[in-house]
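Here is what each chain is made of, one letter per residue.
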Amino acid sequence: MDIVHPPIPFLDLKAQQARLGPGLRARIDAVLAHGQFILGPEVAELEAKLATFCGAAHCVSVSSGTDALQIALMAEGIGRGDAVFLPAFTYTATAEVPLLLGATPVFVDIDPATFQIDPAHLEVRIAAATAVGLRPRAIIGVDLFGQPAPWPALRAMAARHGLFTLDDCAQAFGAVLDGARLGRSATATAVSFFPSKPLGAYGDGGALFTEDADRAALYRSLRTHGEGTTRYDVQRIGMNGRLDTIQAAVLLAKLEVFEAELARREAIACAYDAGLAKYVTIPARVPSSASAWAIYSVLFADAASREAAQIALRARGVPSAIYYPKPLHHQPAYHGAHDGVSLPVSEAVAVRIMALPLHPDMTDEQVARVISAFDGVGLHAAR
Ligand SMILES: *Cc1c(COP(=O)(O)O)cnc(C)c1O
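## Looking at the site of the ligand
Consideration 1: Taken together, 15 residues lie near the ligand, and Gly65, Thr66, Asp168, Ser192 and Lys197 sit nearest.
Consideration 2: Between Thr66 and the ligand, the recorded distance is 2.5 Å, taken from a side-chain N or O atom to an oxygen atom.
Consideration 3: Note that an oxygen atom of the ligand is positioned 2.6 Å from one of the side-chain N or O atoms of Ser192.
Consideration 4: Coverage of the ligand by the protein chains reaches 92% of its 380 Å² of free accessible surface.
Consideration 5: Where the shell around the ligand is concerned, the elements lending two or more residues are α4 (65–75) and α5 (92–100).
Consideration 6: In terms of residue class, the shell around the ligand is built from five nonpolar, eight polar and two charged.

Here it is, written out as structure tokens:
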């Protein structure tokens, strides 16, 4: 008879908390003691350390990854009549922000191997948007699942068309492209510290990175209601978009172990690659990069084999998740904004993809259990 194991957690923030030890509590207690809950000293300390970590000139912490995206687009004055290009295969926040600002999100298809935005299709979509009278203004490249978007191609296209580049790096803080950590691949980089992201807080949080001092100053103003040189000098319409001091304290404690966590994520991904390639299509690596492994997603031959595998794995205590079951152009909220073209790669990937648990506190035994759970499901890899 099989030995019954407890289910493997998809994410294990309790184990991480135990591993972090008393340093985490000491950081939080320090904030409780000084009482500067808004823009306390930990916020500036975190911003300096995050900028150093990814080699960026400026870091402005904000209240979430979504607010980071919004502040970056507000700073460019993007709004009505403007086209903002982004992949259809991403989390809704990427597309929600241009729409909230009155701009039009223009959905672009993805590369079938890496799931990242397809630069060739982006060119087609820029022409289509221009043809219907929209003004192309910005490209939001998403570093999906923790791997870098094709930044050299996106930057070249942005330069050719005069577009602002925004890196939606919500899933990929810590990832490397061409020898450098993400943070300088676009004119602005937006990161999320949502608890399940590679560097997660204990609540919402985010940050913007840029090489441009003027933009950084504008982001600081926008995150505090558009304030100018003094608190009651209102220069522009902004938002309440600051990072809490307590979240900064949590992130400072987590930043100390972050590189070791990234290495552990990479080791687990390599073990999955080796063990699962005979059952499913393992994730293709973006060339010349290192992933932050927010999500490890495999592809099945079709929707039916995905469903069968998901049920069989669950019976063996292995959880899974689907990012994303529907590309954004098929979501009801975007019907009005979308021009109706089909995006066949995003549509096909959405029905075949499935994510497995991958977090730094997984044991080797748990990783082996995930791999062995695929045995007997009756799968064979198909490209
Ligand atoms: C998580 C996520 C966001 C939003 O970040 P929040 O901090 O939750 O607001 C934006 N884009 C992508 C691709 C994400 O995965």
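## Things to note about the nonpolar core
Consideration 1: Within the largest apolar cluster, 44 residues are counted, with the highest numbers of intra-cluster contacts made by Leu50, Phe85, Leu122, Phe173, Phe193, Leu199 and Phe209.
Consideration 2: The set of elements that each furnish at least two residues to this core consists of α3 (41–54), β2 (82–87), β3 (104–108), α6 (119–131), α7 (151–161), β9 (206–210) and α9 (245–276).
Consideration 3: Of the domains in this structure, domain 1 (16–255) and domain 2 (258–373) are the two that each give at least three residues to this core.
Consideration 4: Residues within four places of Phe193 in sequence aside, it is in contact with Leu50, Leu199, Gly200, Ala201, Gly203, Gly205, Gly206, Ala207 and Leu251.
Consideration 5: Counting 30 residues, the second largest nonpolar core, distinct from the first, contains Ile71, Ala95, Val97 and Phe164.

Criteria and cut-off values
Per-chain numbering applies: the sequence of each chain, read as written, is numbered from 1 onward. Where local features are concerned, this predicted model is filtered to residues with pLDDT of at least 70; where side-chain atom pairs are given and counted, the filter is 80 or more; whole-chain, interface and lining totals use all residues. Note: side-chain values were computed over all heavy atoms of the structure, leaving out hydrogens and water. For this description, a residue counts as near a given molecule or strand if any of its non-hydrogen atoms is within 4 Å of it. Nitrogen and oxygen atoms within 3.5 Å of one another constitute a polar contact, given that in protein one can donate a hydrogen and the other can accept it, and given that sequence-neighbouring residues count only through two side-chain atoms. A 1.4 Å probe and the Shrake-Rupley method give the accessible areas. Residues count as covered only by the protein chains that appear here. Only DSSP runs of H or I with at least four residues qualify as helices, and only runs of E with at least two residues qualify as strands; both kinds are numbered from the N terminus onward. Under the convention adopted here, Pro, Cys and the residues Ala, Val, Leu, Ile, Met, Phe, Trp and Tyr are nonpolar, Asp, Glu, Lys and Arg are charged, and Gly plus all remaining residues are polar. Among buried residues, the Ala, Val, Leu, Ile, Met, Phe, Trp, Tyr and Cys ones that are joined through side-chain atoms within 4.5 Å form a nonpolar core. The buried label goes to any residue with under 20% of its type's maximum accessible area, the exposed label to any with over 50%, and the partly exposed label to all in between, with areas taken from a 1.4 Å probe on protein chains only. Boundaries between domains were set according to an automatic or database domain assignment. Whether two residues touch is decided by their heavy atoms; if any such pair falls within 4.5 Å, the residues are in contact.

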